[in-house]
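# Geometric and topological summary
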Amino acid sequence: MRKLIFIFLTVLCVAAALTAAPAQRDRKVTPEAPDLQEIRRSVADPSSPFYYPKLMKRYQENETIMNLDDYRHLYYGYLFQEDFNPYRHNEASTKNESLYYKSKHTRAELDSIISYAETALEDNPFDLSQMNFLIYALRSRGKVNRANIWQYRLNHLLQAIISSGTGADPDHAWYIIFPRHEYDIVNFQNAVVKQQSYQEPYYDRIEVEKKDAKGKASSETYYFNIRNLLEEYYRKFPEEQ
C-alpha cells in the first residue's frame, strides 16, 4: 500500500508539470526547448551562477531555493561533464530493480534498497528510477525527512524535463539526457509503453496506453529529442558510431 501511495504522489507530480502548474516563486512553466549552447557556456564559466561544480554542490547540500532555471542547467549541463555517459549502468541498479518489484519487503530488504539506490546515485546522480526506489524505502522505514529531500529533487528534475516541450510532436519533443528517462516519464504517469521506435533524424517515438479512473484505455504518442545525448556519446566514444 505504501508503494502504491508513493507512486500516486509521483504521478501527481508529473501530471502537474504536464499541465504547466505553477513553479517556484509563482512562475508559470511555459514549455521551452533548452538553449544547450548557452547551458554549455554557463556551466563551464566559473563566474556564472550556473557553474557546474557550484550548482552540483548546491544540489547536494539540499538547497531548497533552487529554481527551474537552476534545475534545467543542472540536468542539461550534465551532458557536458567528463563523466557523462547516457548508457551507463551499474551492478547496484540491477540488483535494486529485482528487489524493489517484490510485492512485500522486510525491514532488511528496505535497508538493502536504500543502500543499493545510494550506491547507484553516487555513480549516476540523475538515475530517476533509483530515486523512486530510494524514496519508497525511506518512507517505509519512517525516514520521512530524508525521503522528502529526495522527493523534492525528483519532482524538480521531472519538471526540468517536462518544461523542455510538450512531447506531442517532433517540434515540441521533450529533451532528455538518458534514454531511460523516456520510460521514467511514461511510468510516472501510470502509463504503459506499447511501442518504441526511432524516427529520423534524432527522435524516439513512444506509443503508450493510459487508463482512466473507470478503466477505460486510451492511446497517446510522445516524442523525445535525443540529438544531444547521441552527439556527446559519439564525441566521447567515436568507436561506437
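Right above here is the structure, for reference.
None of these values were measured; they are calculated from a predicted model. (Residues numbered from 1 in each chain as written. Predicted model: local features only at pLDDT ≥ 70, side-chain atom pairs only at ≥ 80, totals over all residues. Heavy atoms only, no water.)

The linkage connecting glutamate 200 with the following residue, proline 201, adopts the cis geometry, with an omega of 5 degrees. Summarising the element assignment, proline 201 is placed in the loop between strand 2 (192-199) and strand 3 (203-211). Located in the positive-phi region is asparagine 62, a residue other than glycine, with phi close to 65 degrees. Structurally, asparagine 62 can be placed in the loop between helix 3 (52-60) and helix 4 (68-77). Even without glycine at this site, asparagine 190 takes up a positive phi of about 60 degrees. In this structure, asparagine 190 sits in the loop between helix 9 (180-187) and strand 2. (Helix = DSSP H or I, 4+ residues; strand = E, 2+ residues; numbered from the N terminus.)

Further remarks concern the packing of aromatic side chains. The description of an aromatic ring pair rests on the distance of the ring centres and on the angle between the ring planes. Under the defined criterion, the tally for this structure stands at 19 aromatic pairs. Centroid distance tyrosine 59 to tyrosine 71: 6.1 Å. Interplanar angle 80 degrees. Geometry classified as edge-to-face. Of this pair, tyrosine 59 sits in helix 3 while tyrosine 71 sits in helix 4, placing them twelve residues apart in sequence. Taking relative accessible area as the criterion, tyrosine 71 reaches 1% and is therefore assigned buried. One aromatic cluster is present, formed by Tyr52, Tyr59, Tyr71, Tyr75, Tyr76, Tyr78, Phe84, Phe126 and Phe178 through successive ring pairs. A cation sits over an aromatic face here: arginine 153 above tryptophan 150, 4.3 Å from the ring centre. (Phe/Tyr/Trp six-rings, centres within 6.5 Å; stacked < 30°, edge-to-face > 60°. Buried < 20%, exposed > 50% of the residue type's maximum accessible area, 1.4 Å probe, protein only. Lys NZ or Arg CZ within 6 Å of the ring centre and 35° of its normal.)

In short, the description is geometric, and any link to function would need to be established separately.
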